[in-house]
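Each chain, written out:
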Amino acid sequence: KLKIAIVGAGSSYTPELIEGLSEHRETLPVKEIVLLDINEERLSIMEGFVKRYVGYLNYDVKVWSTTSREEAFTDADFVSTQIRVGGNKARIKDEKIPLKYGLIGQETTGVGGMFNAFRVIPVMIEIAKDVEKYCPDAWIINYSNPTELVTEALNKVCNVKVAGLCAGGMRPRWWAAEALNIPEEKIYYDYLGLNHMNFSYNMTIDGRPITDEEFSKVIKKCTTVSQEWMETLHLIPSQYTQYYFHTKERVQQLKEQDKTRGEAILELEKQIFREYADELNNQKPKTLAKRGGGGYSKVAIGVMDAIYNDSGKWMVINVANNGTVRFLDDDAVIETACYVSKNGMKPLTIAHYPKAVIGLISAVKTYESLAVEAAITGNKKLALEALVAHPLVRDYDVAKPLLEEMLEAHKEYLPQF
Ligand code: G6P
Ligand code: MN
């Protein structure tokens, strides 16, 4: 039976993970779930809630919490990581400061994503080193953003097994299943790109190609990108490509909004945690549906299940390229469709690349790899190169002062610089 450690368990997403594990109790027999967090207040609220929640679910599993990685990791089979260094307060700075320079701050795709990586990567490396030490055979199931950059950094510095996850890769499947009323297992597609910068195409349904009419129905689910543009491209993009395809409009909207996403979440979380703390409450708060991370537990548990049961599932995951995408480096981590079994993730071959998006993907990957290197080494020159290489920035005169201001704003979380 399995032991699962959840790092950053004080996250409001933890109960969804518990719910998913409970739903899979027949195929994924878990004996023990350990909750770990540095925020002891949130940790104790979450431990209390999860204990009531497993009772409500009739789920027979031992739940306990600790602030010690050694205790949490010893004998663990899976270590799920969902940390946010500096919390949503730091996210708000990521969102607001770039906007003063006319740039999108957004916590992954935007300029904020680079500083998010700078804060999270050193801590994730420490965590992974402890995984190496206390449970070297365990899989790290990572959801900490920016997930692909985190995965690339761990691959570079540590000797651990890591799956970088995001629900976004499975979304075209879920969209098609809903839009066309077809079971999701019948839907496959080619998947090219990176986390939050990717394109799905050549979709098949029950082995036959999707019709144009069906395609039009599926893309209606992608609400952030122009329908007309998706028809033209004939690709299903990540929702996050909106920041590239509609940059000016998004900058304008972000300037006009009265609260950033991070600010909205600080408020949402107050409500969510009041409900978690309520000792009479043993069910998931409704407000949780307003967070964007839904679907993660489905993907995380899908991966654990496929590894544990050697079931050979098709899933989109962040893994080392190793020749999968010929125009990117081998050690670059990409988000790609994989065959998942007890041996881990094996990327599937991609037959052709839509030319219209190759440039964008290459440019974003270049920025990302520079940012990963800068996050690991604390080299400021590399950080500047990364920022100027970022296709949403590109302008040296803007990047130079922006970098200084961001490094200063986040300095308590950037020991490497
Ligand atoms: C999506 C993305 C995640 C991201 C989340 C944000 O699920 O794929 O990478 O963390 O949205 O949700 P939030 O509620 O924090 O804005
Ligand atoms: Mn994501």
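Residues numbered from 1 in each chain as written. Chains lettered and ligands numbered in written order. Predicted model: local features only at pLDDT ≥ 70, side-chain atom pairs only at ≥ 80, totals over all residues. Heavy atoms only, no water.

1. Examining the coordination of the manganese ion (ligand 2)
Each angle at a metal carrying four tetrahedral donors should ideally be 109.5 degrees, and each at a metal carrying six octahedral donors should ideally be 90 or 180 degrees. The test is simple: Metal donors: N, O and S atoms at distances within 2.8 Å, or within 3.2 Å for Na, K and Ca, with water omitted from the atom set so that some sites may seem incomplete. By the criteria applied, helices consist of DSSP H or I runs no shorter than four residues and strands consist of E runs no shorter than two, each listed in order from the N terminus. Whether a residue is buried, partly exposed or exposed follows from its accessible area with a 1.4 Å probe, protein chains only, as a fraction of its type maximum: under 20%, in between, or over 50%, in that order.
Coordination of the manganese ion (ligand 2) by the protein is provided by Cys-166 (SG) and His-196 (NE2), with metal-donor distances spanning 2.3 to 2.4 Å. Linking Cys-166 in the loop between β6 (161-164) and α7 (171-180) with His-196 in the loop between β7 (187-194) and β8 (197-205), this pair joins segments that are 30 residues apart in sequence. This pair shows no difference in class: Cys-166 is buried, exactly as His-196 is.

2. Section: the pattern of salt bridges
Definition in use: The salt bridge criterion pairs a side-chain nitrogen of Lys or Arg with a carboxyl oxygen of Asp or Glu, the two atoms within 4 Å.
If you walk through the whole model with that rule in mind, you get 27 salt bridges. One salt bridge in this structure joins Arg-42 and Glu-269, with 3.1 Å as the shortest N-O distance. Pair noted here: Arg-42 is in helix α2 (residues 40-56) and Glu-269 is in helix α12 (residues 261-277), with a separation of 227 residues, a long-range link. On the accessibility criterion, Glu-269 (7% relative accessible area) is buried. A salt bridge links Glu-408 to Lys-411; the nearest nitrogen and oxygen atoms lie 2.6 Å apart.

3. Regarding the site of ligand 1
To be explicit about the condition: By convention in these notes, a residue is near a molecule or strand provided one of its non-hydrogen atoms lies within 4 Å of it. Counted as a polar contact is a pair of N or O atoms within 3.5 Å, where, for protein atoms, one must be capable of donating a hydrogen and the other of accepting one, and residues adjacent in sequence contribute only when both atoms are in side chains. For the area figures, the Shrake-Rupley method with a 1.4 Å probe applies, and any residue is considered shielded solely by the protein chains shown.
The full set close to ligand 1 counts 14 residues, and Arg-91, Asn-145, Arg-261, Arg-291 and Gly-292 are the nearest of them. Between Tyr-240 and ligand 1, the recorded distance is 3.5 Å, taken from a side-chain N or O atom to an oxygen atom. If ligand 1 stood free it would expose 390 Å²; the protein chains cover 92% of that surface.

4. Section: the pairing of strand β2 (residues 30-36)
Short version of the rule: Here a strand pair is declared whenever DSSP counts at least two bridges between the two strands. Looking down the strands as they point away from the viewer, one classifies a crossover as right-handed if the path from the first strand across the helix to the second runs clockwise.
Burial of β2 is extensive: six of the seven residues sit out of reach of the surface. As judged from the six bridges shared by strand β1 (residues 2-7) and β2, these two strands associate in the parallel manner. Counterpart to Ile-4 in the pairing with β2 is Ile-33. In this fold, β1 hands off to helix α1 (residues 14-23), which returns the chain to β2; that crossover is right-handed. The pairing of β2 with strand β3 (residues 62-66) spans five bridges and is parallel. Residue pairing in the sheet places Leu-36 in a bridge with Thr-66 of β3. The parallel pair β2 and β3, bridged by α2, forms a crossover whose chirality is right-handed.

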